[in-house]
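As a plain string of letters, each chain reads:
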Amino acid sequence: MAAFGNFGLFGDGPGDFPHPGIGGVFRQTYRAYSVLMLPGAERQDVERGGKIIMPPSALDQLTRLNIVYPMLFKLLNKNSARVTHCGVLEFVADEGRIYLPYWMMRNLLLDQGDLVELESTALPVATFSKFQPQQTEFLDITNPKAVYPCL
């Protein structure tokens, strides 16, 4: 297993983490499609987030493995060695397919129908975050105490 320092969140490393208390590791290869290709009504809720839609058979396998919740997965495009992580929103995809937000497909350098490897994982909990304003107008707020506790 790789060291915890290399998170691999945006394709910059393997992102392997230990699986504390897990009965097994879920590892499967699927054909990746954008949520725009998902049959039925348009799903903008999926497009804006970091979760994917998986087939029902994946839920069956995951429940047998006693996976740690929340379910988190490492996505790997073996052709480009790009990696990212995601959660799962629903288990309603066609068998053999997963549906990803389009921004995630671009990050992984995937085209519609490309193969992607999916593996269950556990990520360390963040203990610190730092925000940097993109514009000076951010500093011109009338009541800073109302904003900063929210961060």
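Residues numbered from 1 in each chain as written. Predicted model: local features only at pLDDT ≥ 70, side-chain atom pairs only at ≥ 80, totals over all residues. Heavy atoms only, no water.

1. Considering the overall build of the chain
This is how it is decided: Numbering of helices and strands runs from the N terminus, with a helix taken as a DSSP run of H or I at least four residues long and a strand as a DSSP run of E at least two residues long. Burial classification: accessible surface area is computed with a 1.4 Å probe over protein chains only, and a residue below 20% of its type maximum counts as buried, one above 50% as exposed, and the rest as partly exposed. Contacts between residues were defined by any pair of non-hydrogen atoms, one from each residue, lying within 4.5 Å. In this description, accessible areas are obtained by the Shrake-Rupley approach with a 1.4 Å probe, and a residue is regarded as covered only by the protein chains that are shown.
When helices and strands are tallied, the chain shows four helices and six strands. Order of helices (α) and strands (β) in the chain, N terminus to C terminus: β-α-β-α-β-β-β-α-β-α. Burial statistics for the chain: of 151 residues in total, 37% are counted as buried. Partitioning the contacts of the chain with sequence separation of at least 6, the portion at a separation of at least 24 is 76%. Put simply, the chain shows about 9400 Å² of open surface, and 56% of that area lies on carbon and sulfur atoms.

2. Quick word on the nonpolar core
One recurring pattern in soluble globular proteins: nonpolar side chains tend to sit buried together. This is how the line gets drawn: Among buried residues, the Ala, Val, Leu, Ile, Met, Phe, Trp, Tyr and Cys ones that are joined through side-chain atoms within 4.5 Å form a nonpolar core.
Ranked by internal contacts, the top residues of the largest apolar core, which has 22 residues, are I52, M54, F73, L75, I98 and L100. Counting only elements with at least two residues in this core, the list comes to β1 (27-34), α2 (56-64), β3 (72-77), β4 (82-90), β5 (97-100), α3 (102-107) and β6 (115-121). Excluding residues that lie within four positions of it along the chain, L75 makes contacts with I52, R82, V83, T84, C86, I98, L100, M104, L108, V116, E117 and L118. Residues Y33, L38, I53 and Y99 belong to the second largest nonpolar core, which totals seven residues.

3. What to know about the packing of aromatic side chains
Worth spelling out the cut-off: Aromatic pairs are defined between Phe, Tyr and Trp rings, using the six-membered ring for Trp, whenever the two ring centres lie within 6.5 Å; interplanar angles under 30 degrees are classed as stacked, those over 60 as edge-to-face, and all others as tilted. Distance and angle both matter: a charge sits over a ring if NZ of Lys or CZ of Arg is within 6 Å of the ring centre and within 35 degrees of the ring normal.
Applying the stated criterion across every chain yields a total of two aromatic pairs. Ring plane angle 75 degrees and centroid distance 6.2 Å describe the contact between F26 and F73, whose orientation is recorded as edge-to-face. In this pair, F26 sits in the segment before β1 while F73 sits in strand β3, placing the two residues 47 residues apart along the sequence. Overall, F73 belongs to the buried group, its relative accessible area being 0%. On the basis of an interplanar angle of 40 degrees and a centroid distance of 6.2 Å, the ring pair of Y33 and Y99 is categorised as tilted. Here Y99 lies in strand β5 and Y33 lies in strand β1, a separation of 66 residues in the sequence. Above the plane of the ring of Y33 lies R97, whose end atom (NZ or CZ) is 4.2 Å from the centre.

4. Some details on unusual backbone geometry
Residue P70 is bonded to the preceding Y69 through a cis peptide linkage, with omega at -5 degrees. Within the secondary structure, P70 sits in the loop between α2 and β3. Residues other than glycine seldom take positive phi values, yet N66 does so here, at roughly 55 degrees. For N66, the location among the structural elements is in the loop between α2 and β3.

These figures capture arrangement, not role.
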